[in-house]
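So you can see what is in the structure, the chains are spelled out below.
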Amino acid sequence: MKTNTVSPNPNLPKCPTGIGGLDEITGGGLPAGRPTLICGSAGSGKTMLAMEFLVRGATQYGEPGVFVMFEENAAELTANVRSLGFDLEKLAAQKKLVLDHVHIERSEIEETGEYDLEGLFIRLGHAVKSIGAKRVVLDTVEALFAGLPNHAILRAELRRLFRWLKDHGLTAVITGERGEQSLTRYGLEEYVADCVIILDQRIQEQISTRRLRVLKYRGSAHGTNEYPFLIGERGISVLPITSLRLDHQASAKRIPTGIARLDEMLGAKGVFRGSSVLVSGSPGTGKTSVAAKFVDAACRRDERVLLFAYEESSAQIVRNMGSIGIDLGAWVKKGLLQIHSSRPTLHGLEQHLVMMHDAVRGFRPSVVVVDPISNLSLDRNELEVKPTLMRLVDFLKQQQITTLFTSLTAGGGETPEDSQLGVSSLMDTWLLLRNVEFNGERNRTIYVLKSRGMAHSNQVREFVLSDKGIDLVDVYLGAERVLTGTARVAQEERERAAAALREEDHQRRMKQLANRRKAIEAQIAALRSEAELEAAEVAFTIARETLQQRSARQSTDVMAQLRGADKTGGSRKRGKR
Amino acid sequence: MSNALTFELRLYVAGQTAKSLAACANLKRICETHLAGQYRLEIIDLTKNPKLAAGDQILALPTLVRRLPKPVKKIIGDLSNEERVLVGLDVRPV
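Presented here is a report on the structure given in the accompanying data block. (Residues numbered from 1 in each chain as written. Chains lettered and ligands numbered in written order. Predicted model: local features only at pLDDT ≥ 70, side-chain atom pairs only at ≥ 80, totals over all residues. Heavy atoms only, no water.)

Section: the overall build of chain B
The following threshold applies: Secondary structure is summarised from DSSP: a helix means a run of H or I of at least four residues, a strand means a run of E of at least two, and numbering begins at the N terminus for each. Burial here depends on accessible area, computed with a 1.4 Å probe over protein chains only, as a share of the maximum for the residue type. Under 20% is buried, over 50% is exposed, and the range in between is partly exposed. Any two residues whose heavy atoms approach within 4.5 Å are treated as being in contact. What sets the accessible areas is the Shrake-Rupley method with a 1.4 Å probe; for residues, cover comes only from the shown protein chains.
Counting secondary structure elements, chain B contains three helices and four strands. Reading chain B from its N end, one meets helices and strands in the order β-α-β-α-β-β-α. Expressed as a percentage of the 94 residues in chain B, the buried residues total 47%. In chain B, 65% of the contacts between residues at least 6 apart in sequence involve partners at least 24 apart. In the structure as shown, chain B presents an accessible area of about 4700 Å², 54% of it carried by carbon and sulfur atoms.

Considerations on the overall build of chain A
When helices and strands are counted, chain A shows 16 helices and 25 strands. Taking all 577 residues of chain A together, 48% fall into the buried category. Put simply, of all contacts in chain A between residues at least 6 apart along the chain, 70% involve residues at least 24 apart. Summing over all exposed atoms, chain A offers an accessible surface of approximately 28700 Å²; the carbon and sulfur share of this is 51%.

Re the sheet that holds strand β1 (residues 7-13) of chain B
We count it as follows: The rule for pairing is simple: two strands pair if DSSP sees at least two bridges between them. Angles run from 0 to 180 degrees between N-to-C directions of axes, and those axes are lines fitted to C-alpha atoms, restricted for helices to the stretch in contact.
Pairing in this open sheet of five strands is mixed, and the strands run β6(A)-β4(B)-β3(B)-β1(B)-β2(B) from one edge to the other. On the outer flanks of this sheet lie β6 (109-111) of chain A together with β2 (39-45) of chain B, each paired with one strand and no other. Taken over all neighbouring pairs, the strand axes of this sheet differ in orientation by 20° on average, direction set aside. Looking at chain direction, β1 of chain B and β2 of chain B are connected through seven bridges and run parallel. For Leu 9 of chain B, the partnering residue across the bridge sits in β2 of chain B and is Leu 41 of chain B. The sheet contacts of helix α1 (residues 18-34) of chain B involve β1, β2 and β3 (63-68) of chain B, and relative to β2 of chain B the element is tilted by about 175°.

Structural notes on the pairing of strand β11 (residues 226-232) of chain A
The buried fraction of β11 of chain A amounts to five of the seven residues, a majority that puts the element mostly inside the structure. In textbook terms, the turn of a hairpin is the stretch between consecutive antiparallel strands, and for β11 of chain A and strand β12 (residues 235-238) of chain A this stretch comprises two residues.

Things to note about the interface of chain A and chain B
Test applied: Buried area counts how much accessible surface, traced with a 1.4 Å probe, disappears from two parts once they are put together, with both parts' losses summed. The rule for a salt bridge is simple: a side-chain nitrogen of Lys or Arg has to be within 4 Å of a carboxyl oxygen of Asp or Glu. Any pair of N or O atoms that falls within 3.5 Å is considered a polar contact. Within protein, one atom must be able to donate a hydrogen and the other to accept it, and sequence-neighbouring residues count only if both atoms are side-chain atoms.
Each partner contributes to the interface: chain A provides 23 residues, whereas chain B provides 27 residues. Both sides of the chain A and chain B interface together cover about 2100 Å² of buried area, and 59% of this is carbon and sulfur. For the pair chain A and chain B, the interface holds two salt bridges. A salt bridge links Asp 116 of chain A to Lys 19 of chain B; the nearest nitrogen and oxygen atoms lie 3.4 Å apart. Between the two partners, chain A and chain B, sit 17 residue pairs in polar contact (both at pLDDT 80 or more). If you list the elements that add at least two residues to the side of chain A that touches chain B, you get β5 (97-101), β6 and α5 (118-131) of chain A.

Notes on helix α2 (residues 46-60) of chain A
We apply this condition: Expected span of a helix, by definition, is 1.5 Å for each gap between consecutive residues, and there is one gap fewer than residues.
An ideal rise of 1.5 Å per residue puts 21 Å on 15 residues; α2 of chain A measures up with 21 Å between its terminal C-alpha atoms. Burial analysis of α2 of chain A places 13 of its 15 residues in the buried class, the great majority of the element.

Considering unusual backbone geometry
Peptide bonds are mostly trans, and most non-glycine residues show a negative phi. The linkage connecting Asp 371 of chain A with the following residue, Pro 372 of chain A, adopts the cis geometry, with an omega of -15°. Tracing the chain through its elements places Pro 372 of chain A in the loop between β18 (367-371) and α13 (374-377). A cis amide bond, omega -5°, links Lys 70 of chain B with the succeeding residue Pro 71 of chain B. By secondary structure assignment, the location of Pro 71 of chain B is in the loop between β3 and β4 (73-76). We note that Asp 302 of chain A has phi near 65°; this positive angle belongs to a residue other than glycine. Relative to the helices and strands, Asp 302 of chain A resides in the loop between α9 (287-300) and β16 (305-309). Residues other than glycine seldom take positive phi values, yet Gln 57 of chain B does so here, at roughly 55°.

As structure tokens, then:
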């Protein structure tokens, strides 16, 4: 996982803890061969962290470890960490782990004269030697302060102990109870100066969140923020992120949303793989239905889907989505869909995110749906919520997981866009669902408010939920208003009637035109025949006159012959008639 | 104090340090003075036998453990204060 990891310093050898996220913050782990102090108040997870450090060392890094406990005994500790899946008995049998319970009962002890804690050294040395340990945990060495009356000797011996640990090249974790004035109640930080990690459990608005901070790390850069962490089923995971870089891959592949018309609106192909989609709307606008359709479509493609539900139980979701023809139960059975239902108040926001991380890492989905994300933030400050959501979105994008978040906006607002300004900048595609109340009914509309990197529709569509599923219908865009529902149907009916009327009118006019054309054509024919008649008349007259003229000339010639006229002087053209 | 073996004592030390030697000497003297014939003493050098440290929960050295009579009592230090050793062993009722 790439996060804001600190580049490892080659000069300072580090000892990986194997704890998810912690190695990223510390740039590779705890300082090898040196003691690290982990302090925190009661119940902050010190022992768990220390134990996981040892167990991971023994199982993953081939470094056996010794756990010296001053408070719990071996049986108690074994039982406690079994919930994290650590089998200490097995590790002890494999000679990878030694548990040593050091216990002092103040009432049994009488002091007389000089003494030292050589016994502790001998026990520790023996345990280390017996398995070749590289790691040591001293779980609340401070318990000694209660058991031994002479603190001067104790302090001197502790100093010697830490020196001894360093001399033996042991990577040690020392836990300490958080003090009021100082870091630890007995000032252990005085002796352990190489690396100090603070664990904290804070309650904010009745919700507790565990946090971890690396206070100091001598000779190494480290993340300085407070990082939320979780003690889950697979151990501790720390959320190391505020991703400083935006370097995730951008896929050009598109995946359909499961609603054909919606895909059409999104450049005809759907959303980009690995992008984040926000579906926001006031109550009852159909956000969950859009999400369910999205889930259904992904499962149909044989992709794994993780659904985080913060409003309904998984059974309720399956039932409700069945009513619009989406059978999520089948996908759950097939193992393609996991539904994680919980109340958002169960943990703080950060804790939820850590849980999501855990779930995502465990299930490896290609689609994650959060319904709704707004519940996670509840009444919290937007400024506080945004960075945490950014962490989640970045994390999911790094994994190329397509995400769909639904978000509840306050109903009836003039501009629902405003209410989502915080998270919207993190989202690539934003679908807005709105209720349109008009004409005594309420109808759902949907439009694409933004969608990065694609030519998307700017049209408002009506969003119709039925037992057949989801359908998008064009709304009626009339003068100055959008009509939906029955108003749209009525309007469409009116339009159809008007259209039919117009059609008839057209036909009538076409007929008229045809008639007129026919009349004109008849007239033309009449005129033409008249003209032909006249032409014939003229031709006849001409013919007749020519004939007359010829016959006249012939008779003149004959006359001239008869009169013996001069041959040369004859033949003078005479005028007509 | 009729029972011959009332006290079962163990002294844990680490090697031949000044404190170890002092503790041994002090203990032997006290026992011989106050518990002659009533005790059994075992001296355990943890540098030779480190495994034994866990059994009696030994941390500080030297430690004198009164295993019998019950309850178990521990006296840490070089046992230089005879009075306190005797109080610790319940030898002289206060």
